[in-house]
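Architecture at a glance
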Amino acid sequence: MESTNNVNLSFIEKLFHLKEAQTTVRREILAGLTTFVSMAYILFVNPQVLGVAGMDKGAVFTATALSAILGSLLMALLANYPIAIAPGLGDNAFFTYSVVLAMGIPWQTAMAGVFISSILFLIISVVKLREIVIDSIPHDLKLAMASGIGLFIAFVGLQGGGLVVSSKSTLVAMGSLTVPTTWLTIFGLIVTGLLMAKKVPGSIFIGMVLTTILGLVTKLIPLPHHIVSSIPSMRPTFGVGIAHLPDLANPQLWAVVLVFLLVAFFDTAGTLIGLAEQAGFMKNNKMPRIGKALMADSISMFGGAVMGTTPTAAYVESSAGIAVGGRTGLTSLVVSVMFALAMFFSPLLSIVTSNITAPVLIIVGILMAQSMKQIDWSKFEIAMPAFLTIVGMPLTYNISYGFAFGILFYPLTMWAAGRGKEVKPVMYVLFVVFIILLYIINILPSK
Ligand SMILES: Nc1nc2[nH]cnc2c(=O)[nH]1
């Protein structure tokens, strides 16, 4: 027994280099469990959001779990980082609210766009282009993009939870506190917020469970018929994106492909770098093995697009596992195994309503908006494009407009401030691309 344990441990050591990373199996398992409980909500939130776009919730549940299993496993084995991967809230919100609902594109066609973006992302990750792209977007704009997505997600949550409603005279207004289900959102927000402030591992998950229990006890949420069941079929979504590739003849979809690519690429690249800073992995201001980490994400995005889910991202919640000591891919391997076990709990989908997911969206929004603190607000030429990027996303209800505002204003304000030479050539290429993109998504549809 002793010798089997030793063989197992040396196999794990060979795969993950625990000694070099000054960590232990026990600490990595704890870190993996911590990250998993911090992000397990996505199994229920993703079907909820993509369900609004018309997708089958059971199929999305399975596709979400499988893409998280694949992504986190690849991150463990290819890149050996304690960073988990799953479908991102920024991406699914863009898919449902901007592409399907606002642009009126059917989800099947939008999924074809995700499929093509994933192939482009894979190519960028493999060839050296990734460094050129990462370096050409100014740091302040990347931070503004992450923050704007955070505000956008929070806005979606505030509406879904009944706290913000539409108003004829002022566009938005506070929701009514006489609606009983809105109190579930308020309860979830308070409980999760307190747990987060106390730095309790798995705060988001615990908050979700407590709010659901309150909903069940007060009968605001009906009891589920089962807790455990077989894994839901992916038949309603599997391969649908590929079958709809011919729809991409529509130029509106090229714009969608470009924005999916930008959101997926910069979300993951930005998050990877942020987490690597936290864990102390950066060497000479560069992240070692970033190509492999991006490849793990792009392969799982590709797999997700085939199975029926929106792009995956390196999860900001991985910072919870890193905070409790996770330093290697063993942490991500544990996350992957936990997602495999969680696949049997799909009946709980029916009890996780939009009031339960609203606090999650708001709190992940806060985490993403924390990037704002690093923006150089003291220089107007930076502050203006950064601000327009951030407010542009929630206020136009569209992530691509936020991107466009920042990319169009940055070269102009930098030029006016006499700092035109600092703007990288790729930014001018993007300037032109985004003018075309605005034409395609805003002017062309109304002609
Ligand atoms: N980086 C990142 N982390 C997330 N955690 C939940 N959703 C997201 C997302 O869209 N991006």
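Here, the structure is the one placed above.
Given the structure is predicted, the values throughout are model-derived calculations rather than measurements. (Residues numbered from 1 in each chain as written. Predicted model: local features only at pLDDT ≥ 70, side-chain atom pairs only at ≥ 80, totals over all residues. Heavy atoms only, no water.)

So, the site of the ligand
- Leu89, Gly90, Asp267, Ala314 and Glu317 are the nearest of the 13 residues found near the ligand.
- For the ligand, a nitrogen atom lies 2.9 Å from a polar atom in the backbone of leucine 89.
- Summarising the interface, the protein chains cover 100% of the accessible area of the ligand, which totals 280 Å² for the free molecule.
- Elements with a minimum of two residues in the shell around the ligand: helix H5 (89–102), helix H12 (251–279), strand S4 (312–314) and helix H16 (354–369). (Near = heavy atom within 4 Å. Polar contact = N/O pair within 3.5 Å; in protein donor to acceptor, adjacent residues only side chain to side chain. Areas by Shrake-Rupley, 256 points an atom, 1.4 Å probe, with all protein chains shown as cover. Helix = DSSP H or I, 4+ residues; strand = E, 2+ residues; numbered from the N terminus.)

Considering the side chain of threonine 192
- Its location among the elements puts threonine 192 in helix H9 (residues 180–197).
- Sequence-distant contacts of threonine 192, defined by excluding residues within four places in its chain, comprise Ser203, Ile204, Gly207 and Ile363. (Contact = heavy atoms within 4.5 Å.)

So, the packing of aromatic side chains
- Counted by the stated rule, this structure contains 12 aromatic pairs.
- With 5.7 Å between their ring centres and 80° between their planes, tyrosine 97 and tyrosine 397 make a pair best called edge-to-face. In this pair, tyrosine 97 sits in helix H5 while tyrosine 397 sits in the loop between helix H17 (380–396) and helix H18 (399–416), placing the two residues 300 residues apart along the sequence.
- Three or more aromatic residues joined by ring pairs form one cluster here, namely Tyr97, Phe152, Phe155 and Tyr397.
- The ring of tyrosine 81 carries the charged tip of arginine 289 above its face, separated from the ring centre by 4.4 Å. (Phe/Tyr/Trp six-rings, centres within 6.5 Å; stacked < 30°, edge-to-face > 60°. Lys NZ or Arg CZ within 6 Å of the ring centre and 35° of its normal.)

Details of the pairing of strand S3 (residues 171–174)
- Note that strand S2 (residues 164–167) and S3 share 4 bridges and pair antiparallel. By the bridge assignment for S3, valine 164 is matched with methionine 174.
- Between S2 and the antiparallel strand that follows it, S3, lie 3 residues. (Pairing = 2+ DSSP bridges.)

Looking at helix H2 (residues 25–39)
- With 15 residues, H2 extends 21 Å from end C-alpha to end C-alpha; this agrees with the ideal 21 Å at 1.5 Å per step.
- Residues of H2 that are buried include every one of Glu28, Ala31, Gly32, Thr34, Thr35, Phe36, Ser38 and Met39, and no others. (Expected span 1.5 Å × (residues − 1). Buried < 20%, exposed > 50% of the residue type's maximum accessible area, 1.4 Å probe, protein only.)

Structural notes on the nonpolar core
- By size, the foremost hydrophobic cluster in this structure holds 120 residues, and its most contacted members are Tyr41, Met75, Phe95, Leu272, Phe339 and Phe434.
- The biggest single contributor to this core is H12, with 16 residues. (Core = buried A, V, L, I, M, F, W, Y, C linked by side-chain atoms within 4.5 Å.)

Brief notes about unusual backbone geometry
- The phi dihedral of lysine 219 falls on the positive side, at around 65°, and the residue is not glycine.
- Within the element layout of this structure, lysine 219 appears in the loop between helix H10 (203–217) and helix H11 (240–243).

What about the packing of helix H3 (residues 42–52) against helix H4 (residues 57–79)?
- Put simply, H3 and H4 touch, their axes get as near as 8 Å, and they point 135° apart. Classified by the interaxial angle, the pair formed by H3 and H4 is oblique. Once H3 is placed against H4, the crossing between them reads as right-handed. Between H3 and H4, the residues in contact are Ile42, Leu43, Phe44, Asn46, Pro47, Gln48, Leu50 and Gly51 and Lys57, Val60, Phe61, Thr64 and Ala65, respectively. (Axes fitted to C-alpha atoms, helices over the stretch in contact; angles between N-to-C directions. Parallel < 35°, antiparallel > 145°, perpendicular 65-115°, else oblique. Left-handed = near helix turned anticlockwise from the far one by under 90°.)

So, the side chain of serine 167
- Relative to the helices and strands, serine 167 is located in strand S2.
- Within the structure, serine 167 has its side chain in polar contact with the side chain of threonine 170 (distance 3.0 Å).
- If we ignore the near neighbours within four places in the chain, the residues touching serine 167 are Val172 and Ala173.

Some remarks on the pattern of salt bridges
- Inspection of the entire model under this criterion finds 3 salt bridges.
- We note a salt bridge from lysine 379 to aspartate 376, for which the minimum N-O separation is 3.6 Å.
- The class of lysine 379 is partly exposed, set by a relative accessible area of 36%.
- Linking glutamate 422 and arginine 419 is a salt bridge whose minimum nitrogen-to-oxygen distance equals 2.8 Å.
- Judged by its relative accessible area of 46%, glutamate 422 is partly exposed. (Salt bridge = Lys/Arg side-chain N within 4 Å of Asp/Glu carboxyl O.)

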